[in-house]
Amino acid sequence: MKAFGLTPDGRETHLFSLRRDGGFGADISDFGGTLVRLFAPDRHGELADVVLGFDSVRGYTQPTCPYFGSTVGRCGNRIAHGRFTLDGKTYTLATNNAPAGIPCHLHGGPGGFDKVLWQAEQTTVGGDPVLRLRYQSREGEEGYPGNLDVTVEFTVTADQALRIDYSATTDKATPVNLTNHAYFNLAGEGSRSVLGHVLTLNATRYTPVNAGLIPLGELAPVADTPFDFRAPHTVGERIDRPNEQLRFGAGYDHNFVLDGSGSLALAATVLEPLSGRELEVLTTEPGVQFYSGNFLDGTLPGKNGHTYPRRSGLCLETQHFPDSPNQPGFPSVILRPGRSYRSTTVFRFKAR
Ligand code: BGC
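Residues numbered from 1 in each chain as written. Predicted model: local features only at pLDDT ≥ 70, side-chain atom pairs only at ≥ 80, totals over all residues. Heavy atoms only, no water.

**Examining the pairing of strand S14 (residues 161–170)**
Among the 10 residues of S14, 7 are classified as buried, and the element is accordingly described as predominantly covered. The pairing of strand S13 (residues 148–157) with S14 spans 10 bridges and is antiparallel. Counted as the bridge partner of Phe 154 is Ile 164 from S14. Hairpin connection between S13 and S14: a loop of 3 residues separates the two successive antiparallel strands, and Gln 160 in this loop has a positive phi of roughly 55°. Relative to strand S27 (residues 341–351), S14 runs antiparallel, the two being bridged by 8 bridges. The partner of Arg 163 across the bridge, within S27, is Val 346. (Buried < 20%, exposed > 50% of the residue type's maximum accessible area, 1.4 Å probe, protein only. Helix = DSSP H or I, 4+ residues; strand = E, 2+ residues; numbered from the N terminus. Pairing = 2+ DSSP bridges.)

**Observations regarding the site of the ligand**
Taken together, Pro 66, Tyr 67, Arg 78, Leu 106, His 107, His 181, Tyr 183, Asp 253, Gln 289, Tyr 291, Phe 295 and Glu 317 make up the full set of residues near the ligand. Glu 317 has a polar side-chain atom sitting 2.7 Å from an oxygen atom of the ligand. When the free accessible area of the ligand is taken as 300 Å², the share hidden by the protein chains comes to 94%. (Near = heavy atom within 4 Å. Polar contact = N/O pair within 3.5 Å; in protein donor to acceptor, adjacent residues only side chain to side chain. Areas by Shrake-Rupley, 256 points an atom, 1.4 Å probe, with all protein chains shown as cover.)

**Considerations on the nonpolar core**
Ranked by size, the top nonpolar core spans 58 residues in total, and within it Phe 290, Leu 316 and Phe 349 carry the most contacts. At 5 residues, the largest contribution of residues to this core is made by S13. The contact partners of Phe 349, leaving out residues within four places of it in the chain, are Phe 24, Leu 38, Ala 40, Val 50, Asp 159, Gln 160, Phe 184, Leu 186, Glu 278 and Leu 279. Grouped together as the second largest cluster of nonpolar side chains are 16 residues, Phe 4, Phe 31, Tyr 291 and Tyr 308 included. (Core = buried A, V, L, I, M, F, W, Y, C linked by side-chain atoms within 4.5 Å. Contact = heavy atoms within 4.5 Å.)

**Digging into the sheet that holds strand S21 (residues 253–258)**
Spatially, 5 strands are ordered S19-S18-S21-S24-S25 in an open sheet, and the strand pairing comes out antiparallel. Single-partner strands in this sheet number two, and they are strand S19 (220–221) and strand S25 (315–319). Pairing of strand S18 (residues 203–207) with S19 involves 2 bridges; the strand directions are antiparallel. Across the sheet, the residue bridging to Arg 205 is Pro 221, located in S19.

**Examining the pattern of salt bridges**
Within this structure, the stated rule accounts for 19 salt bridges. Residue Arg 336 is joined to Asp 87 by a salt bridge in which the shortest nitrogen-to-oxygen separation is 2.9 Å. Of this pair, Arg 336 sits in the loop between strand S26 (334–335) and S27 while Asp 87 sits in the loop between strand S8 (83–86) and strand S9 (89–92), placing them 249 residues apart in sequence. On the basis of relative accessible area, Asp 87 is assigned to the exposed category, the value being 55%. (Salt bridge = Lys/Arg side-chain N within 4 Å of Asp/Glu carboxyl O.)

**Regarding empty space enclosed by the protein**
Taken as a whole and assessed by the stated rule, the structure comprises 2 cavities of 30 Å³ or more. Taken together, the residues that form the lining of the largest cavity break down as 4 nonpolar, 2 polar and 1 charged. Roughly 30 Å³ of internal volume is contained in the second largest cavity. Taken together, Gly 73, Arg 74, Gly 108, Gly 112, Phe 113, Ser 137, Glu 141, Glu 142 and Tyr 144 form the lining of the second largest cavity. Its residues assigned to classes, the lining of the second largest cavity comprises 2 nonpolar, 4 polar and 3 charged. (1 Å grid on protein atoms, 1.4 Å probe; cavity = no way out; pocket = protein on both sides within 12 Å on 5 of 7 lines; lining within 4 Å. Points joined across faces, edges and corners; volume = space filled by probe spheres on them. Nonpolar A, V, L, I, M, F, W, Y, C, P; charged D, E, K, R; others polar.)

**Looking at the packing of aromatic side chains**
Overall, the coordinates contain 23 aromatic pairs when judged by the stated rule. Ring geometry for Phe 4 versus Tyr 60: centroids 6.1 Å apart, planes at 40°, classification tilted. You can see Phe 4 sitting in strand S1 (residues 2–6) and its partner Tyr 60 sitting in helix H1 (residues 57–61), a full 56 residues away along the chain. According to the relative accessible area criterion, Tyr 60 is buried, its value standing at 2%. Ring geometry for Phe 84 versus Tyr 91: centroids 5.3 Å apart, planes at 20°, classification stacked. Comparing Phe 84 with Tyr 91, the two get one shared label, buried. An aromatic cluster is built from Phe 4, Phe 54, Tyr 60, Phe 68, Tyr 183, Tyr 291, Phe 295 and Tyr 308, whose rings are joined through pairwise contacts. (Phe/Tyr/Trp six-rings, centres within 6.5 Å; stacked < 30°, edge-to-face > 60°.)

**So, the sheet that holds strand S3 (residues 25–29)**
Strand order in the open sheet formed by 5 strands is S1-S2-S3-S4-S5, and the pairing between neighbours is antiparallel. The sheet is open, and its two borders are formed by S1 and strand S5 (47–49), each paired with just one other strand. Within the sheet, the average angular offset between the axes of one strand and its neighbour, ignoring direction, is 20°. One ladder, built from 5 bridges, connects S3 with strand S4 (residues 34–41); its direction is antiparallel. Each bridged residue has a counterpart across the sheet, and for Ile 28 the counterpart in S4 is Leu 35. (Axes fitted to C-alpha atoms, helices over the stretch in contact; angles between N-to-C directions.)

See the structure below:
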């Protein structure tokens, strides 16, 4: 464990290293449950840090931090107009995002789980390095109902994977949708673009959005659209096609409906052909937000003196669908007292 700097209100934050022999592993902070570094080997065994981020906590505390490696919650992705009704009561949440000038609540709000200090415990389970993070989110925090107890457990496994297990309980019904917001660049953070990354998504349908990036409610087929990644395509191949959905997202910024459901299933594969690094994403979640880093603009001073231009990182945010609290046709994100929220995502690395 190392010091990672002070929060704006003067609290100490830390960085925890979880490593395997050979160097595969992750550095994770108790501030925001943030995945700060993730080292994976290329086809020659050369390690690179494959996630975008900052060298100290200060970068992550800025309101302009685009959720680099963040643990996102209480309810990830967008909620239209920052409003939802649950059991007859309407709740108003902060609106911290406004695509096309249409306000919404994004990623749990300005004081979401990415901006809080988690309680950390570093341990090993069955020989695997583990970081267990806990957070108690109070009733009314960011406008949400109920006290929520959350645990996020990061495990670095022998098969070169980072597994993230989320669990939560509540004392009042509340929406919960937890994810990690890592921006991957498999050529190494600081490489200019992810447009040459080859992506496969195990999704026959996706959730098209309006100009405010709120789903229309339909599960539309990807067939015959630039959203069809059932066979591998580079990210860049169709990203600039004249297509209303790509125009709304300024590229890919859409939730895909995964074909595997319920059990831990392969959601996505990403190959970076020059290094040979390949990432497999497995999840128990029904959806994944594929975001091609369209709003990165090269202005933030990132790790190792790097800046991150547009489309220099991509996110695969395993999740329930955006705006679920307002979309009766989507799988429910409502957690009730006496029930447990559970979700698992695995980021597994290979080299070709
Ligand atoms: C959203 C993007 C947003 C980004 C950073 C993604 O999950 O889909 O629209 O710009 O997060 O906030």
